[in-house]
Amino acid sequence: MIYRLFYIGILFILLSCQSDDSVSVDSNEPNPTEASTYFPPINTNDWENVSPSELNWNVDKLSELEDFLIQDNTKSFMVLVDGKIVVEEYYNDHTVNDTYQWNSAGKTLVTATTGIAQQNGLIDIDNKVSDYIGTEWTSATIQQENLITVKSLLTMTSGLDDEPQLVIKANLVSLSDAGTRWAYGNVFQRLMNVVEDASGTEFETYFNTELAAKIGMDGFWNNGFIYRIYHSNTRSMARFGLLASQNGKWDGEQIVDEDFFLESTTTSQDINPAYGYLWWLNGKSDFMLPSTQTEFSGSLIPNAPADMIAALGKDEQRIYIVSSENLVIIRMGEATGSEENFALSSFDNVFWEKFNEVTN
């Protein structure tokens, strides 16, 4: 009896040690998505590929999807899974080296750069915009202007008139107190001035040094009369999409603070659930769109995965990101002829209907 109790005790200890070891090993394992993600080198054009057939995609449906994209004036279409290129196609005389404008999809580049400036200790997004660019940058009262924080610009809740396109003081008229009205307007570009004044360098220089060069992006900001728009080739757009799919991390280096990035891609205010920090969010109960104060019920893009986030630009410049599937999709091109909107259009839901047929 004593020997039996002795052996039972030994067995219990061994099993306990096994259990503890198991917990220890599991807790130290890397995130499976992060561990399996490929990152292309930043100084070469090399990029690993995986074929659609290896992923058991329906190649006939993929061909139909490409026909749809060509008919809708697409210039380039790229799909990454686990960071590897599954599809990379160029249409209508566009090439791998040609650049094209991101339009409002480039807002997300401004978000990321603002986050980097904060992690570098240059700004605090909860501070007033006037702390960085000076007072009287709007035509609002000083009391109204003092309510506008850097976060107000990131969330499109400055309360300033969203109708005028040109961002000059005379057009920056207050329609409501900051935080009480969501409206999609160009005043977000004052974020570039915040970064410039806080860093003491041109926005493009800061962006190139702190973000673009670290992930191998190659492009430029076009300083037009009304606003600055980023231009790049399709692969550079895909590189940023890949960075975003990993919550701001690139090949082991945290380029954009992860907490900030997660804030950027979750509902940022209680007026438009489908909006983060200049990122569009799918799968919410309702949403608002540019140029209207109407609230629409349902998901932003019903045919897309609920956890998708997106950078949406005029004429259907698109970065779709589905982190749960380690999926990044890029579309660049001219206007598709869908319902006109600075962000969402009927193109999005039709695209996802056809893309689902490819992967399901």
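Presented here is a report on the structure given in the accompanying data block. (Residues numbered from 1 in each chain as written. Predicted model: local features only at pLDDT ≥ 70, side-chain atom pairs only at ≥ 80, totals over all residues. Heavy atoms only, no water.)

Let us now look at the overall build of the chain. Helix and strand counts for the chain stand at 12 helices and 13 strands. Counting every position in the chain, which comprises 360 residues, the buried fraction comes to 50%. The long-range share in the chain, meaning contacts at least 24 apart out of those at least 6 apart in sequence, stands at 61%. Surface summary for the chain: the accessible area is close to 16200 Å², and the carbon and sulfur share equals 47%. (Helix = DSSP H or I, 4+ residues; strand = E, 2+ residues; numbered from the N terminus. Buried < 20%, exposed > 50% of the residue type's maximum accessible area, 1.4 Å probe, protein only. Contact = heavy atoms within 4.5 Å. Areas by Shrake-Rupley, 256 points an atom, 1.4 Å probe, with all protein chains shown as cover.)

The three strands are arranged 3-5-4 in an open sheet whose pairing can be described as antiparallel. This sheet does not close on itself; its edge strands, each paired only once, are strand 3 (100-101) and strand 4 (219-223). Note that strand 4 and strand 5 (residues 228-232) share five bridges and pair antiparallel. Bridge assignment links F220 to a residue of strand 5, and that residue is H231. In this fold helix 9 (residues 203-215) packs onto strand 4 and strand 5, with an angle of close to 165° to the strand it touches most, strand 4. (Pairing = 2+ DSSP bridges. Axes fitted to C-alpha atoms, helices over the stretch in contact; angles between N-to-C directions.)

Let us now look at the pattern of salt bridges. What the rule picks out here adds up to 12 salt bridges. Between K61 and E64 there is a salt bridge, with its nearest N and O atoms 3.6 Å apart. Here K61 pairs with E64, and both are found in helix 3 (residues 59-71), just three residues apart, close to one helical turn. What makes K61 partly exposed here is its relative accessible area of 26%. The residue D315 makes a salt bridge to K314 at a minimum N-O spacing of 3.4 Å. Accessibility expressed as a relative area gives 16% for D315, which makes it buried. One salt-bridge network, held together by shared partners, links K61, E64 and E357. (Salt bridge = Lys/Arg side-chain N within 4 Å of Asp/Glu carboxyl O.)

The next thing to look at is the packing of helix 4 (residues 107-119) against helix 8 (residues 190-199). Axis separation between helix 4 and helix 8 bottoms out at 10 Å; the angle between their running directions is 30°. With respect to helix 8, the axis of helix 4 lies roughly parallel. Regarding helix 4 and helix 8, the two cross each other, and that crossing is left-handed. Packed against helix 4, whose contacting residues are V110, T113, T114 and A117, the element helix 8 presents L191, M192 and V195 at the interface. Of the residues contributing to the contact of helix 4 with helix 8, the split by class is five nonpolar, two polar and no charged. (Parallel < 35°, antiparallel > 145°, perpendicular 65-115°, else oblique. Left-handed = near helix turned anticlockwise from the far one by under 90°. Nonpolar A, V, L, I, M, F, W, Y, C, P; charged D, E, K, R; others polar.)

With that out of the way, let us pick up the pairing of strand 5. When you tally the buried positions in strand 5, you get five out of five residues, the bulk of the element. Pairing of strand 3 with strand 5, which is carried by two bridges, proceeds in the antiparallel orientation. Following the sheet pairing, Q101 is matched in strand 5 by H231.

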